[in-house]
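# Topology and contacts: notes
Each chain, written out:
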Amino acid sequence: MDATLVEADPITLLEDAQSRVRKLARDHVWFAEAVRDAFDRYRNLLGRYQAEADAMRTREWDAARALVASGRLRDPKLTADSPHGRVKVQGLCPKGLAERLGGCRSAKVPLDLQREAAPVVLAAMDRHAIYQWPGLSRHVRNRWAREFKSALKAGSHVQFTWWILIAPPVDRCEMVNPATLDADSLGSFSDDDYRTIALYRLGGLADLGSTRPLVRCPPETGNFDEDMAAYSAWRARFPIDPLDWDCVAPPIDPLFLPPDVAEQMIDDRVCLDGQLACGRHEALSPGH
């Protein structure tokens, strides 16, 4: 008998996974509660990642600033094969200096040119650090913006990007963003953290288009930064293109939760949670 196998399109596969997750939430109270609890746990996980990433960036920035203050744009201990970190610095650069630097790769800037550029880079770094200060007055910000535009308009300076090459911290480790959907990266998390990520994503899948979502939009607390972070985390659960966030009925988008990842999240960890929570081995396959 001739038969032609037609593979379902990704949207249909993701919609099928959505139906499975919604059924789990209807049939098993433990699952619905686990999805609700996972939202706050995910935010804590994301906060830890961001704090660690910020701390590492600060360490790298401080190392780069110390290097630039010594008159170098590249750590002299680095060799061609050495692992290294790159710190990006942006700011104004005198046009002539920019032209000379533009012809050199970051790793091959001559020492005399590094020393000439170092005070300019250091000024850009200090200006950037001050500009990030929340207490900086609007008057100063506006004055700096006018000076920046005037220098560009006069042609004396150009916008420039420097890459400062530093030796990576000895205890540096590659941190994985909990927002990842890469299968290999997801596999690097502990069981508890993976479970949190899976329930966070599956909850967003179930809630997309639902009139009674499992996880309601977080209430406002009056703290703008906290409220924005909570709202952003809540919206980021949904497998939709961020450009469609303001749509009345945004379409489901497999690019923001691949069907195979969703299926693995359902099968690999969430079912196990249910079996443990219920105290027995339940079959949670599509036919049950």
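The structure reproduced in this document is the subject of the present report. Bear in mind the structure is a predicted one, so any value in this text is a computation, not a measurement. (Residues numbered from 1 in each chain as written. Predicted model: local features only at pLDDT ≥ 70, side-chain atom pairs only at ≥ 80, totals over all residues. Heavy atoms only, no water.)

### Observations regarding the overall build of the protein chain
- What the protein chain contains, in helices and strands, is nine helices and two strands.
- Along its sequence from the N terminus, the protein chain presents helices and strands in the succession α-α-β-α-α-α-β-α-α-α-α.
- Considering only contacts within the protein chain whose residues lie at least 6 apart along the sequence, 75% involve residues at least 24 apart.
- When the accessible surface of the protein chain is split by element, carbon and sulfur atoms take 54% of a total near 17500 Å². (Helix = DSSP H or I, 4+ residues; strand = E, 2+ residues; numbered from the N terminus. Contact = heavy atoms within 4.5 Å. Areas by Shrake-Rupley, 256 points an atom, 1.4 Å probe, with all protein chains shown as cover.)

### Points about the packing of helix α1 (residues 10-27) against helix α7 (residues 191-207)
- One way to put it is that α1 packs onto α7 with a least axis distance of 8 Å and a crossing angle of 100°. When the axes of α1 and α7 are compared, the pair comes out roughly perpendicular. For the pair formed by α1 and α7, the contact residues are Leu14, Ala17, Gln18, Val21 and Arg22 on the first element and Leu202, Leu205 and Ala206 on the second.
- Residue classes in the contact of α1 with α7 are distributed as six nonpolar, one polar and one charged. (Axes fitted to C-alpha atoms, helices over the stretch in contact; angles between N-to-C directions. Parallel < 35°, antiparallel > 145°, perpendicular 65-115°, else oblique. Nonpolar A, V, L, I, M, F, W, Y, C, P; charged D, E, K, R; others polar.)

### What about the packing of helix α2 (residues 29-69) against α7?
- Here α2 crosses α7 at 115°, and the two axes come no closer than 7 Å. Crossing angle aside, the handedness with which α2 passes α7 is left-handed. When α2 is examined against α7, the residues Phe31, Ala34, Val35, Ala38, Phe39, Arg41, Tyr42, Leu45 and Arg48 are found in contact with a partner set consisting of Asp193, Thr196, Ile197, Leu199, Tyr200 and Gly203.
- Tallied by class, residues from the contact of α2 with α7 come to ten nonpolar, two polar and three charged. (Left-handed = near helix turned anticlockwise from the far one by under 90°.)

### A word on the packing of aromatic side chains
- Evaluation of the coordinates by the stated rule reveals seven aromatic pairs.
- Ring centres of phenylalanine 39 and tyrosine 200 lie 6.5 Å apart, and the angle between their planes is 15°; on these two criteria the pair is classed as stacked. Of this pair, phenylalanine 39 sits in helix α2 while tyrosine 200 sits in helix α7, and the two are 161 residues apart along the sequence.
- Among the residues examined, phenylalanine 39 registers a relative accessible area of 7% and is labelled buried.
- Assessed through its relative accessible area of 2%, tyrosine 200 is described here as buried. (Phe/Tyr/Trp six-rings, centres within 6.5 Å; stacked < 30°, edge-to-face > 60°. Buried < 20%, exposed > 50% of the residue type's maximum accessible area, 1.4 Å probe, protein only.)

### Points about the layout of surface pockets
- Looking at the largest pocket, its volume works out to about 420 Å³.
- Considering the residues around the largest pocket, the lining is formed by 18 residues, among which Gln90, Gly91, Ala124, Arg127 and Phe148 are closest to the centre.
- Every element with two or more residues in the lining of the largest pocket is listed here: β1 (85-94), α4 (111-131) and α5 (138-154). (1 Å grid on protein atoms, 1.4 Å probe; cavity = no way out; pocket = protein on both sides within 12 Å on 5 of 7 lines; lining within 4 Å. Points joined across faces, edges and corners; volume = space filled by probe spheres on them.)

### Here's the deal with α5
- An ideal rise of 1.5 Å per residue puts 24 Å on 17 residues; α5 measures up with 24 Å between its terminal C-alpha atoms.
- Among the residues of α5, Val140, Trp144 and Ala151 are the ones counted as buried. Looking straight down α5, one finds its buried side chains confined to an arc of 35°; they lie on one side. The outward face of α5, more than 90 degrees from its buried face, is lined by the exposed residues Arg138, His139, Lys149 and Lys153.
- Buried-residue contacts for α5 involve β1, α4 and β2 (157-166).
- Glycine 155 sits one or two positions beyond α5 and adopts a positive phi of about 85°. (Expected span 1.5 Å × (residues − 1). Arc of directions from axis to C-beta.)

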